Amino acid sequence: MKILKQKQVLAVACHEIKGQLSSFTYWTIILWPLLIAAIFERSGNIHLDLSTSNYLNLNLFWGNFLPIFIFMVSLSYVSIMANSVAVDKTSKISEMLLAMVDAKEQLIGKISATYCLMLLHMTIYAGLIYIYERVTHGFIVQTIIRNTSPVFFVYIVLDAAVALFMALVWATEIASYVTDESQVAVAVIPVMLLIGTGTMVAFLFNAPHYFDAGISVMRVYANVVLAFPPIGSLLMPTLLANQNVSYVEAYLNIIIQLVIIAWLLKQSIRQYRFGLLSSKKANPFLSVLAHENTGNLKENKR
Amino acid sequence: MIELQHVSKRFGNFNAVSDLSFSLHSGQILSLIGQNGAGKSTTFHMILDFIKPDSGKILWSGKPLTPDAITAKVGYMPEERGLYPKETIKSQLLYFAALHGMKKAEAIILLDDWMKRLNVVGKSTDKIESLSKGNAQKVQLIACLMFKPQLLILDEPFSGLDPVNSELLIKAILTAKQQGTMVIFSTHNMDNVQKLSDYIVMLKHGQTVLKGTPTEIYRQFGRLRLDIEGYQNVERLKRIQGVKKVTLMANGVHLELNNEQCGKIIFTEVTKHGYVPVFNQHYPDLEAIFKYEVHKKAYDRL
Ligand SMILES: Nc1ncnc2c1ncn2[C@@H]1O[C@H](COP(=O)(O)OP(=O)(O)OP(=O)(O)O)[C@@H](O)[C@H]1O
Ligand SMILES: [Mg+2]
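Given the structure is predicted, the values throughout are model-derived calculations rather than measurements.

Quick notes on the rules
- Residues numbered from 1 in each chain as written.
- Chains lettered and ligands numbered in written order.
- Predicted model: local features only at pLDDT ≥ 70, side-chain atom pairs only at ≥ 80, totals over all residues.
- Heavy atoms only, no water.
- Helix = DSSP H or I, 4+ residues; strand = E, 2+ residues; numbered from the N terminus.
- Buried < 20%, exposed > 50% of the residue type's maximum accessible area, 1.4 Å probe, protein only.
- Contact = heavy atoms within 4.5 Å.
- Areas by Shrake-Rupley, 256 points an atom, 1.4 Å probe, with all protein chains shown as cover.
- Pairing = 2+ DSSP bridges.
- Axes fitted to C-alpha atoms, helices over the stretch in contact; angles between N-to-C directions.
- Donors = N, O, S within 2.8 Å, 3.2 Å for Na, K, Ca; no water.
- Phe/Tyr/Trp six-rings, centres within 6.5 Å; stacked < 30°, edge-to-face > 60°.

A. Geometry of the overall build of chain B. Per the secondary structure count, chain B includes 11 helices and 14 strands. With the C-alpha coordinates aligned to their principal axes, the bounding extent of chain B is approximately 70 × 45 × 30 Å. In chain B, which comprises 302 residues, the share counted as buried stands at 53%. A fraction of 68% describes how many contacts in chain B between residues 6 or more apart in sequence connect residues 24 or more apart.

In structure tokens:
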């Protein structure tokens, strides 16, 4: 039974990856940041003066870069994930699938697939950057990474993964209520609002003059608020880069977030299963957004 | 063996299924009949653990059905037909096979075999969206048959199939039966119920109104129908005690009786006047029983 479940997760993930690799959306997501990067490159806008780069300069860079990066990655992959769930729903295949593979395996399979796709995405970028720097003999990115402390680097990778995980879990849950593909965009909105808020606040924190004092006074309070995923994952890298929190706090934050996510995941598998089966009922999330009366969300139609 | 013991399900204060019990052994076919909204699909959803019954038990060989057992042993074709429209027949079916832990090579052989057996028009590399509704339905059927489930649940499998394809489906169901598969299906076509069922359950507003083997059910009603070929005097037949209704047909008369015994009197009466090529006192067909049960009031007699 265990083995079958692992096989099922693998099958779901492979199916998902195959589908995405042959989809226009995935390659667009990879391409358009490259196009923007190319414009900056052409107009000669990329210059990080590393000769004068002291620790603070680099931190400022990470503090600015990470929230945007996490926001972009989440936006892209949350849409992919929501879309994939919506396709299941609108193809009316959910019920049949659910009889073959439990919601849990479906969800885990889809999430693993999304991580694999993201990993491929990042590998492609890393490869391109490597080639670009080889050709142009500028080693900006390599220097940035070399000058970043490994502990910090490991942290931000973990942190980005946690933020994405939360966004994915949440988006899937909402998307499972979609009954029409045109609703996918709306399913992505609540998640993006939260992530967007986190990103904004991270930017504020990254202006140390305003927030240095505040954070130390409210440290306990801040740590509690920050434990809520994915706000923590969005803010922590910035705070860490600005040395507003310690590594102990930062890693502790990730652990707490993971615990919360584990709990949320359990809930969301239930919601996901319920959502997949609801073809007639209105999507509770969508109706809230549409200012409709949601009525009772429980399974009573009459 | 699968067994439902006093299973009930309410949605709000609406009884979708009340106190339903039946059991089915290996190699038996049960048909679940009833009007739209009678609770057939709800019953299937409970067996598949999509929804939990409010009371009662569903047992597999005496033990409660676990989610793992369901995915491994039960093949399900839902009422809502759907497959991934952009995929090919082959990739779609291989995905389902993988979810059941089947090896690819083995699945490919089975797939070709089933496509021939069910006479799916087209090649396995055709896209699902290019298939006609009936053909897509057959592909879906292959998906639930190819992994040799121990229990096959088919929700209105005949709807949308032409008579030739219905015949192929009947053959497939009977083959599965021979191999020891239990089959539960719902349908509105009483001919197919008559052809296939070892056991019939009829629901009306969630209540079980008929239950038993076809013979048991027919016996409940008795041989109250009589066909006589050849010229008959309708007025004379009408005057016989126990005759409820006489209808003149193209090649004779059709009688509805109040009791079985009056058949003997009619026989003596009509043979008195010479040769009668056909004298057939029979049970009402399922269609008549169905309609009767639907419209019946407490004092009615069929
Ligand atoms: N999730 C639900 N919430 C509320 N009511 C429901 C739900 N699912 C089914 N019902 C109600 O339960 C009743 C039985 O529905 P069910 O789908 O089982 O009927 P059915 O026998 O399959 O009918 P049909 O022949 O039309 O498919 C219906 O009146 C339906 O409206
Ligand atoms: Mg139904």
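Resuming the write-up.
B. A look at the overall build of chain A. Scanning chain A from N- to C-terminus turns up 13 helices and zero strands. Looking at chain A residue by residue over its 302 residues, the buried ones come to 44%. A separation of at least 24 residues holds for 85% of the contacts in chain A among residues at least 6 apart in sequence. Entry remark: accessible area of chain A is about 15,500 Å², with carbon and sulfur atoms responsible for 70%.

C. Structural context of the sheet that holds strand E8 (residues 182-186) of chain B. Residue and element names in this part refer to chain B. One open sheet accounts for six strands, arranged E6-E7-E8-E3-E9-E10; its pairing is mixed. Bordering the open sheet on either side are strand E6 (74-77) and strand E10 (207-212), each of which pairs with just one other strand. With strand direction ignored, the average angle separating the axes of adjacent strands in the sheet is 15°. One ladder, built from five bridges, connects strand E7 (residues 151-155) with E8; its direction is parallel. Considered in E8, the bridge of leucine 152 is made with valine 183. Running at roughly 30° to strand E9 (residues 199-204), helix H11 (residues 286-295) makes contact with strand E3 (29-34), E9 and E10 of the sheet.

D. Up close: the side chain of Glu293(B). All names here are of chain B. Along the chain, glutamate 293 turns up in helix H11. Judged by relative accessible area, glutamate 293 falls into the buried class, the value being 2%. When near neighbours in sequence (up to four residues on either side) are disregarded, glutamate 293 contacts Met202, Lys204, Val209, Leu210 and Phe221.

E. The coordination of the magnesium ion (ligand 2), seen in detail. Residue and element names in this part refer to chain B. Listed as protein donors to the magnesium ion (ligand 2) are Ser41 (OG), Glu79 (OE) and Glu79 (OE); their distances from the metal cover 1.9 to 2.8 Å. Of this pair, serine 41 sits in helix H1 (residues 40-47) while glutamate 79 sits in the loop between E6 and helix H3 (89-99); the two residues are 38 residues apart in sequence, bridging distant segments of the chain. The buried category is assigned to serine 41, whose relative accessible area is 16%. According to the relative accessible area criterion, glutamate 79 is partly exposed, its value standing at 40%.

F. Expanded view of the packing of aromatic side chains. Residues and elements named next belong to chain A. Per the counting criterion, the structure on display carries 10 aromatic pairs over all chains. With 5.2 Å between their ring centres and 70° between their planes, tyrosine 26 and tryptophan 27 make a pair best called edge-to-face. Ring geometry for phenylalanine 65 against phenylalanine 69: centres 5.5 Å apart, planes inclined by 25°, an arrangement best described as stacked. Here phenylalanine 69 and phenylalanine 65 lie together in helix H3 (residues 55-90), a separation of four residues that amounts to about one turn. Residue phenylalanine 65 is classed as partly exposed on the basis of its relative accessible area of 35%. Among the residues examined, phenylalanine 69 registers a relative accessible area of 26% and is labelled partly exposed.

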